[in-house]
Amino acid sequence: MRLRLFLIPLFVVLGAVAVWAQTDPLLSQNYAVPTLYNPAQAGSTELLRIRAGGRLQWVGVDNAPATFIGTADMPLSLFSKRFGVGAVVMQESMGLYSTLAIGAQAAFKFRKFGGEFSVGLAFGMYDQGFKGSEVVLPDDDDFHEGSDDGLPTTDVHGTAFDASAGVSYTHKYFNAGISCSHLTSPKVTMSTDAGGAGGRAGEGESGERVFEFEAKRTFYFQAEGNIPVKNTLFDIMPAVLVASDLTNTSAVINARARYRKFLSFGVGYRWNDAVIATVSAEFKNFFIGYSFDYSTSAIAKASSGSHELFLGYSLRIDTGNKNKNKHKSIRIM
């Protein structure tokens, strides 16, 4: 039983690394929270846009990854120029690990080539934790030792400065952008006295055990279309998100249809991982979106699937009569 208690969280962590080796969660409904991946998307609509929700991965597997996200962004007009501001909060637990990221975003926008370019930056904090008090190392066989200097035995965490940057372009029928998260590859340094978790352990000046975790610099390409179907009440809305830390690459592809600019439904594919079914609705100022992932890997034998649910509220913002660059984002047309 003790061996099982240790191997279950270890299996979850290793399984998550095999599917998604980058630092950030890869959402099936990434198009619902675009500012999570690219700060240039802040203020991309004429609305104060608030979104909150989460992802429960591999339901049925103990200690499987669970992610909760909140975003808010709005346009801003200053000195006859168009800007966007936003905020992002992301909390994730995975096995014995936990992550908290908080960031503030700002974007500068200008018209060119019949659309709008946006350049964005984000700054914030990145907190990593590890539940060392729940580690169980069996010592009653020939393959394990009852202690390991590479693992903390108390609950620990640490915090580091984080930054990201991105650019995007919005046209009448599509939106595309590239970005980089964890721009400085922040290293969270922790000790058993101050708290923290990580991958490498050493000795501090006072003899305390020191651990270090590095958030990998990750690059994203994100694109979404909004193509009206002639003489119908439907729009076709393809979307793609590609993520890479230059060692591992993954992608989520979605194909959705929207009826009367109200009800959307579609299918998608998470590269080498799962097939996706999505449905969402927009009514007045409210948004709700749900997706279900059915794994195509061996994890399907232990899990009933993964679920995402997002809720949102939008409020139209008056950016002032002097703003000559007003446009309607493809997300609200």
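Novice: In this structure, what is going on with the environment of I253? I would like to understand it.
Specialist: Within the secondary structure layout, I253 lies in strand β14 (residues 249-259). I253 has contacts with A239, V240, V267, G268 and Y269, leaving out every residue within four places of it along the chain.

Novice: Got a minute to help me understand the pairing of strand β2 (residues 66-78) in this structure?
Specialist: In regular strands, side chains alternate between the two faces of the sheet. Sheet topology note: the strand β1 (residues 47-59)/β2 ladder contains eight bridges and is antiparallel. Bridge pairing in β2 links G54 to F68. As defined by bridge partners, β2 adjoins strand β3 (residues 81-94) across 13 bridges and the pair is classed as antiparallel. Within the sheet, the bridge partner assigned to T71 lies in β3 and is V88. In textbook terms, the turn of a hairpin is the stretch between consecutive antiparallel strands, and for β2 and β3 this stretch comprises two residues, one of which, F79, has a positive phi near 55°.

Novice: Would you take a moment to explain the pattern of salt bridges for this structure?
Specialist: Two side chains of opposite charge can pair, provided their charged atoms sit close to one another. All chains considered together, the criterion is met by twelve salt bridges. For D73, the salt bridge goes to R49, with nearest N and O atoms at 3.0 Å. On the criterion of sequence distance, the pair formed by D73 in strand β2 and R49 in strand β1 is long-range, its members being 24 residues apart. Among the salt bridges present, the one from R55 reaches E308, with a minimum N-O distance of 2.9 Å. Here E308 lies in strand β18 (residues 305-316) and R55 lies in strand β1, a separation of 253 residues in the sequence. Classification of R55 by relative accessible area gives buried; the value is 4%. E308 sits in the buried class, given a relative accessible area of 0%. Each of R55, R270, D273, D293 and E308 takes part in salt bridges that share partners, so that together they form one network.

Novice: Got a minute to help me understand the side chain of D24 in this structure?
Specialist: Locating D24 in the fold gives a position in the loop between α1 (2-19) and β1. Among buried Asp, Glu, Lys and Arg side chains, D24 stands out as unpaired, with R217 the closest opposite charge at 11 Å. At 2.9 Å, the side chain of D24 forms a polar contact with the side chain of S181. Separated by 2.8 Å, the side chains of D24 and Y220 make a polar contact. With sequence-adjacent residues up to four places away left out, D24 is seen in contact with S181, H182, T218 and Y220.

Novice: Help me understand the nonpolar core, please; the structure alone is not making it clear to me.
Specialist: Within the largest apolar cluster, 24 residues are counted, with the highest numbers of intra-cluster contacts made by L27, L36, Y37, I69 and F310. Counting only elements with at least two residues in this core, the list comes to β3, β8 (187-191) and β13 (234-244). For this core, the element with the highest residue contribution is β13, accounting for three residues. With residues near it in sequence (within four places) discarded, F310 still touches L27, Q29, V33, A52, G53, G54, I69, F287, I288 and G289.

Novice: Mind showing me how you'd approach the pairing of β1 here?
Specialist: Bridge analysis of β1 against β18 gives eleven bridges, and the strand direction is antiparallel. Each bridged residue has a counterpart across the sheet, and for I50 the counterpart in β18 is Y313. Following β1, the chain reverses through six residues before pairing antiparallel with β2; G60 in that reversal takes a positive phi of roughly 110°.

Novice: Hey, could you run me through unusual backbone geometry in this one?
Specialist: Here F113, not a glycine, exhibits a phi torsion of approximately 55°, which is positive. Topologically, F113 is positioned in the loop between β4 (97-112) and β5 (115-131).

Novice: So what exactly am I meant to see when it comes to the side chain of R49 here?
Specialist: By relative accessible area, R49 is classed as buried at 5%. Among the polar contacts made by the side chain of R49, one reaches the side chain of S44 at a distance of 3.3 Å.

Novice: When you look at the environment of E224 in this model, what are you seeing that I'm missing?
Specialist: As for its placement among the helices and strands, E224 is situated in strand β11 (residues 218-225). On a C-alpha basis, the gap between E224 and V240 in space is 6.6 Å, while along the polypeptide they are 16 residues apart.

What counts as what
- Residues numbered from 1 in each chain as written.
- Predicted model: local features only at pLDDT ≥ 70, side-chain atom pairs only at ≥ 80, totals over all residues.
- Heavy atoms only, no water.
- Helix = DSSP H or I, 4+ residues; strand = E, 2+ residues; numbered from the N terminus.
- Contact = heavy atoms within 4.5 Å.
- Pairing = 2+ DSSP bridges.
- Salt bridge = Lys/Arg side-chain N within 4 Å of Asp/Glu carboxyl O.
- Buried < 20%, exposed > 50% of the residue type's maximum accessible area, 1.4 Å probe, protein only.
- Lys, Arg positive; Asp, Glu negative; His and termini not counted.
- Polar contact = N/O pair within 3.5 Å; in protein donor to acceptor, adjacent residues only side chain to side chain.
- Core = buried A, V, L, I, M, F, W, Y, C linked by side-chain atoms within 4.5 Å.

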